[in-house]
Amino acid sequence: MSTMLELQGKVIHEERQGEAYAPFELDSNEYKKKFYIESYGCSMNFNDSEIVASILNKEGFGATKFMEEANLVLLNTCSIRDKAEQTVRNRLNIFRSFKKERPDMLIGVLGCMAERLKGKLLEEEKLVDMVIGPDAYRSLPNLIAEAEGGQKGVNVLLSREETYSDIAPVRLDSNGVSAFVSIMRGCNNMCTFCVVPFTRGRERSRDAKSIIAEAQDLFDRGYKEVTLLGQNVDSYYYTTHDSEEEVTFAKLLEMVAQIDPKLRVRFSTSHPKDITDDVLFTMAKYHNICKAIHLPVQSGSTRILQLMNRTYTREWYMKKVERIREIMPECAITSDIITGFCTETEEDHQYTLDMINFGKYDLSYMYSYSERPGTLAQRRYADDVPEEVKKRRLTEVIDVQRAWSAKNYEQEIGKTFEVLIEADSRRSDKDWSGRNTQGKVIVFPKGDYNLQKGDYVLVKVNKATSGTLMGEIVEVVG
Ligand code: SAM
Ligand code: SF4
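Keep in mind that what you see is a predicted model, and the values were worked out from it rather than measured.

1. Points about the site of ligand 1
Alright, step 1. Ligand 1 sits among 15 residues. The nearest are Phe-193, Gln-231, Gln-298, Asp-336 and Ser-370.
Alright, step 2. In this structure, Arg-81 approaches ligand 1 through a side-chain N or O atom, which is 3.3 Å from a nitrogen atom.
Alright, step 3. For the shell around ligand 1, the elements supplying multiple residues, two or more each, are β17 (332-339) and β18 (364-368).
Alright, step 4. Looking at the shell around ligand 1, its residues break down into six nonpolar, five polar and four charged.

Structure representation (structure tokens):
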């Protein structure tokens, strides 16, 4: 089971799981064939689907939101928890029965499940025609050609270099205001519970110039917010071959922030061990670097953190939170929490509840531990906390977090925030919806102002729920 409180443009968009994509910008090209893609998991996967769309467009495939008219059906999958894989398997079974009526339709699995299960999906379960790992999307055209010729196609080779830096993602289902920009791939951290290092390979950073060029291009096309993506953005490090130019994450943040003061910069995710004072001071220096840090704690118990190989103690994490608040008192902090990891006792669990009270997080993504085959935890430790105990602890964690979310949102009543208008509110096209720098969603009446998506306004908050603020425009920011 996984759950969360609110969705604020953060890593895992559960309301977007399985979303079918169509291009955001009107595409005047005539395509001979159509592809349909559903994405699951983290923002990296959603952004990868935009890279895949770019590769497929060049091959003469246009995107469709309707599976019925597709020649190629793709699922970009997630392996992070067992439930994520089960969801995809259910979808694949639906696709397979659909294929009985449309035998010419090709089905491909992309992403982490492709990497983890490799040929198994093709050979044993005969569910799909193609299996393509996260570093092999450039081989899609060849694999499609092979599959069209009746051969099954697999490429799950992981790479030490691939960053797709030269491929301009096709923005899919975007609001035209905010976009993801991947700055690195893979992960070297080896948290014992996590499958990512096995499915997405070694960490590598993307050429800084290509990142700046992509962010500049987005701004030139009217986008006002970029979220820099990576499993551990703070360990971003790029150097040119002659080592003349070294770019750290703090430097990169600064370079993106300097594109234009009207371009907001967000990033996700930070590993507590790697976020430096340099990054914090850079955030403080630039108004357009949003004051929000996703700093997953995972557990409040030092003993469990050690078993998880998170490389920090409870006290060390708390000092990091204090340092953030010292440098940026207004900065929002959010977290990820796992309940019921191997050997977790009631005392360990209590430490986690205490940590939420210490962190006073605006929001947390909370999960019960799901053992993943091949991970260090699966090989080293017994998954010995009974399912009902994991779930009960998860409920307790959710309750404590929910109380903080409600309190933190309520405290904003009476304050005025700069808000970037992102879309019509979900409830009414007479209201705008946007976010403040902390990432809190604010809904407010459009009134008689002649505003549009991408404009900035000052909004005074007059009401709050535990996930949304409501207010009134007090000033348009020129
Ligand atoms: N790299 C990021 C980090 O370290 O925070 C995100 C990794 S993962 C895509 C997102 C979250 O899923 C993790 O922070 C963790 O809380 C959760 N997660 C990962 N493996 C899990 C597992 N085996 N069971 C339950 N939750 C898990
Ligand atoms: Fe997984 Fe840890 Fe890497 Fe995050 S930092 S992707 S949790 S191994």
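2. Quick notes on the site of ligand 2
Alright, step 1. If you check the shell around ligand 2, you find Cys-187, Asn-189, Met-190, Cys-191, Phe-193, Cys-194, Val-196, Pro-197, Gln-231, His-271 and Arg-310 and nothing else.
Alright, step 2. Taken together, the residues of the shell around ligand 2 break down into seven nonpolar, three polar and one charged.

3. Some remarks on the side chain of Glu-422
Alright, step 1. For Glu-422, the position within the fold is in strand β19 (residues 416-424).
Alright, step 2. Judged by relative accessible area, Glu-422 falls into the buried class, the value being 11%.
Alright, step 3. Side chain to side chain, Glu-422 and Arg-435 meet in a polar contact 2.9 Å long.
Alright, step 4. Discounting residues that sit within four places of it in the chain, Glu-422 has contacts with Asn-175, Val-177, Ser-178, Glu-225, Ser-433, Gly-434, Arg-435 and Lys-453.

4. Thoughts on the sheet that holds strand β20 (residues 431-435)
Alright, step 1. Taken in spatial order, the five strands line up as β19-β20-β21-β23-β22 and close into a barrel, and their pairing is mixed. On average, adjacent strands in this sheet sit at an angle of 55 degrees to one another, irrespective of strand direction.
Alright, step 2. As paired elements, β19 and β20 share four bridges and run antiparallel to each other. What sits directly across from Ile-421, in β20, is Gly-434.

5. Focus: the sheet that holds strand β15 (residues 264-268)
Alright, step 1. The strand order β9-β12-β15 describes an open sheet built from three strands, whose pairing is parallel. Because the sheet does not close on itself, it has two edges, and the strands there are β9 (178-182) and β15. Taking each pair of neighbouring strands and ignoring which way they run, the sheet shows an average axis angle of 25 degrees.
Alright, step 2. Inspection of the sheet shows strand β12 (residues 225-229) paired to β15 by five bridges, in the parallel sense.

6. Thoughts on the environment of Ile-324
Alright, step 1. In this fold, Ile-324 is placed in helix α11 (residues 314-327).
Alright, step 2. On a C-alpha basis, the gap between Ile-324 and Glu-346 in space is 29 Å, while along the polypeptide they are 22 residues apart.
Alright, step 3. With near-sequence residues (within four places) excluded, Ile-324 lies in contact with Leu-280, Ile-293, Leu-295, Pro-329, Cys-331 and Ile-333.

7. Description of the pattern of salt bridges
Alright, step 1. Summed over all chains, the structure comprises 37 salt bridges.
Alright, step 2. The shortest N-O distance in the salt bridge between Asp-48 and Arg-185 comes to 2.9 Å. You can see Asp-48 sitting in helix α1 (residues 43-58) and its partner Arg-185 sitting in strand β10 (residues 184-185), a full 137 residues away along the chain. You'll find Asp-48 and Arg-185 in the same group, each marked buried.
Alright, step 3. Of the charged contacts, one joins Glu-214 and Arg-206 as a salt bridge, the two residues approaching to 2.7 Å between their closest N and O atoms.
Alright, step 4. Through salt bridges with shared partners, a single ionic network connects Asp-48, Asp-135, Arg-185, Arg-200 and Arg-204.

8. Thoughts on the nonpolar core
Alright, step 1. Core analysis: the largest hydrophobic core is formed by 56 residues, its most contacted members being Leu-228, Phe-249, Leu-252, Val-256, Met-283 and Ile-293.
Alright, step 2. Here this core gets seven residues from one element, more than from any other, and that element is helix α8 (residues 249-257).
Alright, step 3. Each residue touching Ile-293, except ones within four places of it in the same chain, is listed here: Phe-267, Ser-270, Ile-275, Leu-280, Met-283, Ile-324, Met-328, Cys-331, Ala-332, Ile-333 and Thr-334.
Alright, step 4. Ranked by size, the runner-up nonpolar core spans 25 residues in total, among them Ala-136, Tyr-137, Leu-140 and Ala-147.

9. What to know about the packing of aromatic side chains
Alright, step 1. Inspection of the entire model under this criterion finds eight aromatic pairs.
Alright, step 2. With a centroid separation of 6.3 Å and 80 degrees between ring planes, the pair formed by Phe-193 and Phe-341 is classed as edge-to-face. Pair noted here: Phe-193 is in the loop between β10 and α6 (196-199) and Phe-341 is in the loop between β17 and α12 (346-359), with a separation of 148 residues, a long-range link.
Alright, step 3. Of the residues examined, Phe-193 reaches a relative accessible area of 12% and is grouped as buried.
Alright, step 4. Judged by relative accessible area, which is 0%, Phe-341 ranks as buried.
Alright, step 5. Between the NZ or CZ atom of Lys-446 and the centre of the ring of Trp-432, over which it lies, the distance is 4.2 Å.

10. Considerations on the environment of Glu-315
Alright, step 1. Topologically, Glu-315 is positioned in helix α11.
Alright, step 2. Note: C-alpha distance between Glu-315 and Gly-300 (15 residues apart in sequence) is 9.2 Å.

11. Points about the side chain of Glu-50
Alright, step 1. Along the polypeptide, Glu-50 turns up in helix α1.
Alright, step 2. Beyond its immediate stretch of four places on either side in the chain, Glu-50 contacts Pro-169, Val-170, Arg-171 and Leu-172.

12. Some points on α1
Alright, step 1. Counted at 1.5 Å a residue, the expected span for α1 with its 16 residues is 22 Å, and the 23 Å between its end C-alpha atoms agrees.
Alright, step 2. Burial of α1 is extensive: 15 of the 16 residues sit out of reach of the surface.
Alright, step 3. Positive phi appears at Gly-60, one or two residues downstream of α1, with a value of about 90 degrees.

13. Some words on unusual backbone geometry
Alright, step 1. In this model, Ser-268 is joined to Thr-269 through a cis peptide bond whose omega is 5 degrees.
Alright, step 2. Tracing the chain through its elements places Thr-269 in the loop between β15 and α9 (277-285).
Alright, step 3. In this model, Met-190 sits at a positive phi of 55 degrees, which is unusual for a non-glycine residue.
Alright, step 4. For Met-190, the location among the structural elements is in the loop between β10 and α6.

Here is what the cut-offs are and how they apply
Residues numbered from 1 in each chain as written. Chains lettered and ligands numbered in written order. Predicted model: local features only at pLDDT ≥ 70, side-chain atom pairs only at ≥ 80, totals over all residues. Heavy atoms only, no water. Near = heavy atom within 4 Å. Polar contact = N/O pair within 3.5 Å; in protein donor to acceptor, adjacent residues only side chain to side chain. Helix = DSSP H or I, 4+ residues; strand = E, 2+ residues; numbered from the N terminus. Nonpolar A, V, L, I, M, F, W, Y, C, P; charged D, E, K, R; others polar. Buried < 20%, exposed > 50% of the residue type's maximum accessible area, 1.4 Å probe, protein only. Contact = heavy atoms within 4.5 Å. Pairing = 2+ DSSP bridges. Axes fitted to C-alpha atoms, helices over the stretch in contact; angles between N-to-C directions. Salt bridge = Lys/Arg side-chain N within 4 Å of Asp/Glu carboxyl O. Core = buried A, V, L, I, M, F, W, Y, C linked by side-chain atoms within 4.5 Å. Phe/Tyr/Trp six-rings, centres within 6.5 Å; stacked < 30°, edge-to-face > 60°. Lys NZ or Arg CZ within 6 Å of the ring centre and 35° of its normal. Expected span 1.5 Å × (residues − 1).

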